[in-house]
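What the coordinates show
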Amino acid sequence: MNAAARDESLGSVLVALAANVAIAVAKGTAAALTGSPALFAETVHTVADAGNEVLLYVAIRRSRHPADPSHPFGYGPERYYWALLAAIGMFVVGGAVSIWDGVQALAHPRELEAFWAGVAVLVIALVLDGGSRVVARRQLRMQAARRELSMREYLRESADPTVVTVFVEDTIDVLGAALALVAIVLHRVTGSSIPDALGSVVIGGLLCVVAWRLTARNRGLLTNQSVPDRYVQRLRDRLETEPTIHAVPRLEAVYLSPTEVLAVADVEMSDGLTGTEVASALARMRADVVRETPAIARLYLTPVAPLEP
C-alpha cells in the first residue's frame, strides 16, 4: 500500500472519530434531558461508532509495520482483525443495548422532556454525520475509480475494511438520527412513548444487521479470501502471453492486505527449454509481472509437466 492510500484511509477514520466524539457528548446530554429511548439508542450507537473508529485507527497503524522474520508477509491482516473487532463491538454495544433499552421503554413508558433540545441535537448530528459520510464517500469513489468499478461494486468486493466500515457507519448514523428525530416528534405529537421506544428497537436492529454483514466480510478477508475472478483471469492471460509458457493449469491469488496480493501458479513451459532457461524465464516473468502490477507483492511460479490427455 502506498503512503497516499494509507493517508486517505486514516483521514476518513480521524474525521469520523472527531465527529462521533462531539456528537456522542451532545446526544448523551440530550438523552438525559429528554428521557427519549430513541435518543439514548442514538447515544449508545454513536459511542460504539467512536470506539470502532479507535479500533480502525489501531488497525491502520499496526498494518503499516514492515515485514519481519516473525511475519514474512507483513502485518496487513492486522487491519482485518481490528476491523472484525469493530464490527463485533457495533453489534454488542450499539445494537444489543439499543434493542434492550427499546424493549424496556415499551414495558415502562417514559415521559418526554426538553423536546426542543433533542430536536436541535439530532439536527446537528444529521449535519455532522452527513459531512463525515461525504468524506468517506469521496474516498470510496476515488478508490473505486482506480479499479474502474462503480462504488456499489467496490463496496461489495473491497479488501480495505477501514474506509468501508466508516462509510457504512456514517450511513447508518444518518438513518439513525433521522429515525430518532421522527420518533421524538411522534412522541410529542401523539403523546405516546411507543414510537420513541420502537425507534430505539429499529435503530438497534439496523446496527445488528450492518454489524453482521461487516463481520462476515472481515472474517472472509481474515481467512485468506481469494481475489475476484476477473483479476485472476487477467493475471492468467498475462502469463500466457509469455512465449516460454505453454499453459497455466492452476492459478490462485489471495489478499495479504487491502492492496497486496499473494499469487501462486503452476505453469507448463514450452518444449525444448533447458533447466537454466526455465529458471531464467520464470525469474524474468516474476519481475515483469510484479513491476507491471504493484498490487502483486508475491508471485510464485512452479514449472509442471503437461497434464496427460
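Residues numbered from 1 in each chain as written. Predicted model: local features only at pLDDT ≥ 70, side-chain atom pairs only at ≥ 80, totals over all residues. Heavy atoms only, no water.

Observations concerning the overall build of the chain
Filter applied, for reference: Helix and strand definitions here come from DSSP, where helices need a minimum of 4 consecutive H or I residues and strands a minimum of 2 consecutive E residues; each element is numbered from the N-terminal end. For the radius of gyration, the atom set is restricted to C-alpha positions; the globular benchmark scales as 2.2 Å times the number of residues to the power 0.38. Categorising residues by exposure relies on relative accessible area from a 1.4 Å probe, with only protein chains included: less than 20% of the type maximum marks a residue as buried, more than 50% marks it as exposed, and the intermediate range marks it as partly exposed. Whether two residues touch is decided by their heavy atoms; if any such pair falls within 4.5 Å, the residues are in contact. Computed with a 1.4 Å probe, the accessible areas rest on the Shrake-Rupley method; for each residue, only the protein chains presented here act as cover.
The secondary structure content of the chain amounts to 9 helices and 3 strands. Here the C-alpha atoms of the chain give a radius of gyration of 25 Å, more than 25% beyond the 19 Å that 2.2 N^0.38 yields for 309 residues. C-alpha atoms of the chain, sized along the principal axes, occupy 90 × 40 × 35 Å. Scored against the burial criterion, the 309 residues of the chain give a buried share of 46%. Of the contacts formed within the chain by residues at least 6 apart in sequence, a portion of 74% connects residues at least 24 apart. Surface summary for the chain: the accessible area is close to 14800 Å², and the carbon and sulfur share equals 64%.

Concerning the environment of Arg61
Among the secondary structure elements, Arg61 is positioned in helix α2 (residues 37–63). A relative accessible area of 42% means that Arg61 is categorised as partly exposed. Arg61 sits 179 residues away from Glu240 along the chain, and the two C-alpha atoms are 38 Å apart.

Details of the side chain of Glu242
Residue placement: Glu242 occurs in the loop between α8 (229–240) and β1 (245–257). Setting aside residues no more than four positions away along its own chain, Glu242 makes contact with Arg284 and Met285.

Some points on the nonpolar core
Note the following rule: Joining through side-chain atoms within 4.5 Å is the link that ties buried Ala, Val, Leu, Ile, Met, Phe, Trp, Tyr and Cys residues into a set, and such a set is a nonpolar core.
Residues Leu239, Val267, Met269 and Leu301 are the most contacted members of the largest nonpolar core, which totals 43 residues. Ignoring any residue separated from it by four or fewer positions in sequence, one finds Val267 in contact with Ile245, Ala247, Val248, Pro249, Leu282, Leu301, Thr302, Pro303 and Val304. By size, the runner-up hydrophobic cluster in this structure holds 23 residues, among which are Ala87, Leu122, Leu181 and Val210.

Observations regarding the packing of α8 against helix α9 (residues 275–292)
Quick note on the threshold: Convention adopted: a line fitted to C-alpha atoms gives each axis, helices being fitted over their contacting stretch, and angles between N-to-C directions are expressed from 0 to 180 degrees. An angle below 35 degrees is read as roughly parallel, one above 145 as roughly antiparallel, one from 65 to 115 as roughly perpendicular, and any other as oblique. Throughout, a crossing is termed right-handed when the near helix is turned clockwise from the far one, and left-handed when it is turned anticlockwise from it by less than a right angle. Three residue categories are used. Nonpolar comprises Ala, Val, Leu, Ile, Met, Phe, Trp, Tyr, Cys and Pro, charged comprises Asp, Glu, Lys and Arg, and polar comprises the others, including Gly.
At a minimum axis separation of 11 Å, α8 and α9 run at an interaxial angle of 135°. In terms of axis orientation, α8 runs oblique to α9. Crossing angle aside, the handedness with which α8 passes α9 is right-handed. Seen from α8, the contacting residues are Leu235, Arg238 and Leu239; seen from α9, they are Asp288, Val289 and Glu292. Each residue belonging to the contact of α8 with α9 can be placed in one class, and the counts come to 3 nonpolar, no polar and 3 charged.

A short note on the sheet that holds strand β2 (residues 260–269)
Basically, it comes down to this: The pairing criterion is simple: DSSP has to find at least two bridges between the two strands.
Reading across from one edge, β1-β2-β3 is the order of the 3 strands in this open sheet, with mixed pairing throughout. Of all the strands in the sheet, the pair left with one neighbour each is β1 and β3 (296–304). Between one strand axis and the next, the sheet turns through 15° on average, direction left out of account. Of the strand pairs in this sheet, β2 and β3 are connected by 8 bridges, and their pairing is parallel. Its bridge partner lying in β3, Asp266 is registered against Thr302.

Some points on the confidence of the model for the chain
Interpretation of this model should avoid reading the predicted coordinates in detail wherever pLDDT is low. Rules: Each residue carries a pLDDT score, the predictor's own confidence in it, on a scale running from 0 to 100.
Here the chain averages 84 in pLDDT, and 96% of its residues register 70 or above. At the level of individual helices and strands, the chain shows its lowest average pLDDT in helix α1 (residues 3–34), which scores 75, and its highest in β2, which scores 92. Every residue in residues 1–6 scores below 50 in pLDDT, and together they form 6 contacts with partners more than four places removed in sequence or on other chains.

A look at the packing of aromatic side chains
Just so we agree on the cut-off: When the centres of two rings from Phe, Tyr and Trp lie within 6.5 Å, Trp using its six-membered ring, the rings pair. Their planes under 30 degrees apart give stacked, over 60 give edge-to-face, and anything left gives tilted.
Taken as a whole, this structure holds 2 aromatic pairs when the rule is applied. Ring centres 5.4 Å apart and planes at 80° place the aromatic pair Tyr81 and Trp82 in the edge-to-face group. Centre to centre, the rings of Phe115 and Trp116 are 5.0 Å apart; their planes meet at 70°, and the pair counts as edge-to-face. With relative accessibility at 62%, the residue Trp116 sits in the exposed group.

Observations concerning the pairing of β2
In terms of burial, β2 is a largely internal element, 8 of the 10 residues being buried. One ladder, built from 9 bridges, connects β1 with β2; its direction is antiparallel. Of the residues in β2, the one forming a bridge with Ala247 is Glu268. The loop that links β1 with its antiparallel partner β2 comprises 2 residues.

Observations concerning the layout of surface pockets
To be explicit about the condition: The rule is simple: put a 1 Å grid over the protein atoms alone, call a set of points where a 1.4 Å probe fits but cannot get out a cavity, call an open set with protein on both sides within 12 Å along at least five of seven lines a pocket, and count a residue as lining if it has an atom within 4 Å of a point. Grid points are joined across faces, edges and corners, and a volume is the space filled by probe spheres set on the points.
One number sums up the size of the second largest pocket: a volume of about 520 Å³. Taken together, 13 residues make up the lining of the second largest pocket; nearest its centre are Leu155, Arg156, Val164, Val168 and Arg213. If you list the elements that add at least two residues to the lining of the second largest pocket, you get α5 (151–157), α6 (161–190) and α7 (194–222). Among the elements that make up the lining of the second largest pocket, the one with the highest residue count is α7 (6 residues). In the lining of the second largest pocket, the residues fall into 9 nonpolar, no polar and 4 charged.

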